[in-house]
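Chain by chain, the residues:
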Amino acid sequence: MASDNLYDSSPVYRMAAEQLRAVAAAIDLDPGIAARLAVPKRSLITGFPVRMDDGATRIFMGYRVQHSLTSGPSKGGLRYAPSVDLGEVAALAMWMSWKCGIMNLPFAGAKGGITCDPAALSAGEKERVTRRFTEEVLSIIGPRVDVMAPDVGTDEQTMAWIMDTYSMKIGYAVPEVVTGKPVELGGCMGRREATGRGVVYCVRAALDELHIDPVGATAVVQGFGNVGSVTCEELNKIGTKVVAIGDRYGAIRNAKGIDVAALSRHVNAPANTRRTVVGFAGADEIAADDLLTTECTVLVPAAMERVVTETVAGKLRCRVLAEGANGPTTPNADAVLAASDIYIIPDVLCNAGGVTVSYFEWVQDIQQFMWSEEDVNHELRKLMMQAFTRVRKQAVERKLSNRLAALSLGVQKVATEKLKRGLFP
Ligand SMILES: NC(=O)C1=CN([C@@H]2O[C@H](COP(=O)(O)OP(=O)(O)OC[C@H]3O[C@@H](n4cnc5c(N)ncnc54)[C@H](OP(=O)(O)O)[C@@H]3O)[C@@H](O)[C@H]2O)C=CC1
Ligand SMILES: O=C(O)CCC(=O)C(=O)O
């Protein structure tokens, strides 16, 4: 039977909806609330024209999905990638709601995206795409409505263009309309590093629980962008060697440990136009398909969704799966992993450092009082470890997997707020 839910054509959205059904069953969620939470509050779809460098006009598809507005302004990143569609963005928005709930942040979930390959756009084209998209979503964003941040394919510069476009419309500077912007424009110290730092705080806590010394442990990381590269640096700081890293173009391996600083220089070298890890002299190239199944203590997917499939799950050779990316593990893979001794740190907890420091940034911009990086990192660690403890307590007391425990805390918080506001008279 054809579905009347227009998000359902996306496998990523179906995966998020399946997770929600599993949580609803596990915590005996009110069916009316469960049905409400399964569908985003509102979505804006826009096809908009941009003049390209060669003079041609190209139409881009952009999306902003606000999963909920119950808990405060909606919050979540903006993604530029070829895979972007309505369903992917809706799933990511739903996950943001649960993530903000787990972290006790006064936000609801949102996400946005533009279908494009950012590597194929010039800086000027990217700026025009960003500014035009901002104009298109102007009526549904704002510091008290919906606050964007970076995600795959976007960065501090993208946020600066959004802030500028919005501020020009309002007539004065509104730094709190986005987070993850340059520090010079009201950005927060440590926001760029926050997601990777949070991942490694969680890894450290998991290794402690498993009585594994991080010194001498090994890691494999998929993705060497914002989250992946900082995760590698932070893993090195706790004594864990990164033995394999991959990106869109391939993967590399060095059993003695990859020199992360040298790899960053290789990736950012002007001659490396694809900014890829491939070709790095300090490691051997391996088949991209072999990356996730390389033997290691900690595996960190930090790229895209649904990479740990049922087949891959059966071949994993790690002790800890730390989900830096959103949605890297499919529900079928979860079923396989449940029968293994792999310790999963689920995405909605593991990568929550980014939105947590975004919250600090929003607070600082509103108060016009900026914190030191030391204060930011101290508060980040405190909130991440409190959430980690809450999730583990829920898992142990309710006999749930870490994923169901984390999701159930997030879902329950949003559901309680909805019920208290009296949406079901
Ligand atoms: N930025 C943030 O603060 C947060 C990000 N996340 C999540 O973390 C993940 C990574 O985001 P972020 O680091 O910001 O994004 P970036 O754009 O900075 O980096 C993405 C990385 O993933 C790689 N990649 C893209 N597609 C593939 C693929 N098909 N196979 C292998 N590698 C691929 C990219 O390679 P290449 O450069 O070759 O394209 C790049 O190395 C996403 O799931 C995002 O939603 C979660 C919380 C916060
Ligand atoms: O920092 C933010 O507001 C959102 C980060 C994000 O997009 C995510 O956690 O997936």
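Residues numbered from 1 in each chain as written. Chains lettered and ligands numbered in written order. Predicted model: local features only at pLDDT ≥ 70, side-chain atom pairs only at ≥ 80, totals over all residues.

- If you look the protein chain up in an unreviewed UniProt entry, it shows as Glutamate dehydrogenase from Urbifossiella limnaea.
- Looking at the protein chain in UniProt, the text filed under Sequence similarities (unreviewed entry) is "Belongs to the Glu/Leu/Phe/Val dehydrogenases family." (UniProt positions renumbered as here; feature names shortened; annotations may be inferred.)

**Concerning the UniProt feature "binding site: substrate" (unreviewed entry) in the protein chain**
Item 1. Sites flagged by UniProt as "binding site: substrate" (unreviewed entry) map to Lys-75, Lys-99 and Ser-358. Despite a sequence span of 284 residues, these residues sit close together in the fold, their greatest C-alpha distance being 12.7 Å.
Item 2. Turning to its location among the elements, Lys-99 is positioned in helix H3 (residues 86–102).
Item 3. Lys-99 sits in the buried class, given 29 other C-beta atoms within 10 Å.
Item 4. Beyond its immediate stretch of four places on either side in the chain, Lys-99 contacts Val-348, Ala-352, Val-355 and Gly-410.
Item 5. Structurally, Ser-358 is set in helix H12 (residues 353–367).
Item 6. Here Ser-358 falls in the buried class, since 28 other C-beta atoms lie within 10 Å of it. (Helix = DSSP H or I, 4+ residues; strand = E, 2+ residues; numbered from the N terminus. Buried ≥ 20, exposed ≤ 12 C-beta atoms within 10 Å, placed from the backbone. Contact = placed C-beta atoms within 7 Å.)

**Considering the site of ligand 1**
Item 1. Around ligand 1, the surrounding shell holds 26 residues, and the nearest of these are Gly-225, Arg-248, Ala-303, Ala-325 and Gly-354.
Item 2. With 3 residues, the single largest contributor to the shell around ligand 1 is helix H7 (residues 226–237).
Item 3. Within the shell around ligand 1, the residues separate by chemical class into 9 nonpolar, 13 polar and 4 charged.
Item 4. The residues that make up the shell around ligand 1 include at least three from each of domain 1 (11–173) and domain 2 (193–350). (Near = placed C-beta within 6 Å. Nonpolar A, V, L, I, M, F, W, Y, C, P; charged D, E, K, R; others polar. Domains from an automatic or database assignment.)

**Topic: helix H10 (residues 331–338)**
Item 1. Taken together, the buried positions of H10 are Ala-333, Asp-334, Val-336 and Leu-337. Considered in projection along H10, the buried side chains sweep an arc of 160° and stay on one side of the axis. Turned more than 90 degrees away from the buried face of H10 sit Ala-335 and Ala-338, all of them exposed.
Item 2. As for H10, its buried residues are in contact with helix H9 (310–315), strand S12 (343–345) and helix H14 (402–421). (Arc of directions from axis to C-beta.)

**Brief notes about the nonpolar core**
Item 1. Ile-102, Cys-202, Ile-245, Ala-322 and Leu-349 are the most contacted members of the largest nonpolar core, which has 128 residues in total.
Item 2. In this structure, this core is formed jointly by two domains, domain 1 (11–173) and domain 2 (193–350), each of which donates at least three residues.
Item 3. Beyond its immediate chain neighbours, meaning those up to four positions away, Ile-245 contacts Val-221, Phe-224, Cys-232, Ala-251, Ile-252, Ile-258, Leu-263 and Val-277. (Core = buried A, V, L, I, M, F, W, Y, C linked by C-beta atoms within 7 Å.)

**Quick look at the domain arrangement of the protein chain**
Many structure descriptions define interface size as the accessible area lost when the parts assemble.
Item 1. Along its sequence, the protein chain is carved into domain 1 (11–173) and domain 2 (193–350).
Item 2. Summarising the inter-unit geometry, the C-alpha centres of domain 1 and domain 2 are found 26 Å apart.
Item 3. Facing the 14 residues of domain 1 at the interface are 12 residues of domain 2.
Item 4. Residue assignment for the side of domain 1 that touches domain 2 shows that the elements contributing at least two residues are helix H1 (11–27) and H3.
Item 5. Along the lines of polarity and charge, the residues of the side of domain 1 that touches domain 2 split into 10 nonpolar, 2 polar and 2 charged.

**Let's talk about the sheet that holds strand S4 (residues 108–115)**
Item 1. In spatial order, the strands read S1-S2-S4-S3-S5; together these 5 strands make up an open sheet with mixed pairing. Strands at the two margins of the open sheet, each flanked by one partner only, are strand S1 (42–51) and strand S5 (146–150). When the angles between neighbouring strand axes are averaged without regard to direction, this sheet yields 25°.
Item 2. As judged from the 5 bridges shared by strand S3 (residues 74–81) and S5, these two strands associate in the parallel manner. Within the sheet, the bridge partner assigned to Ser-74 lies in S5 and is Asp-146. (Pairing = 2+ DSSP bridges. Axes fitted to C-alpha atoms, helices over the stretch in contact; angles between N-to-C directions.)

**Focus on the site of ligand 2**
Item 1. As a structural note, the neighbourhood of ligand 2 is formed by 14 residues, with Gly-77, Ala-149, Gly-354, Val-355 and Ser-358 the closest of them.
Item 2. Counting only elements with at least two residues in the shell around ligand 2, the list comes to S3, H3 and H12.
Item 3. Across the shell around ligand 2, the residue classes break down as 3 nonpolar, 8 polar and 3 charged.

**Let's talk about the sheet that holds strand S7 (residues 241–247)**
Item 1. Reading across from one edge, S9-S8-S7-S6-S10-S11-S12 is the order of the 7 strands in this open sheet, with mixed pairing throughout. Pairing within the sheet leaves two strands with one partner each, and these edge strands are strand S9 (284–286) and S12. Between one strand and the next, the sheet's axes are offset by a mean angle of 20°, whatever the strand orientation.
Item 2. Note: S7 against strand S8 (residues 250–253), 4 bridges, orientation antiparallel. By the bridge assignment for S8, Ile-245 is matched with Ile-252.
Item 3. On the sheet, H7 packs against strand S6 (218–222), S7 and strand S10 (298–301) and is oriented at approximately 170° with respect to S6.

**Observations regarding unusual backbone geometry**
Item 1. Notably, His-211 is not glycine yet its phi reads approximately 55°, a positive angle.
Item 2. If you trace the backbone, His-211 turns up in the loop between helix H6 (191–209) and S6.
Item 3. Residue His-211 is classed as exposed on the basis of its 6 C-beta neighbours within 10 Å.
Item 4. Although it is not a glycine, Lys-399 sits at a positive phi angle of roughly 55°.
Item 5. As for its placement among the helices and strands, Lys-399 is situated in the loop between helix H13 (373–398) and H14.

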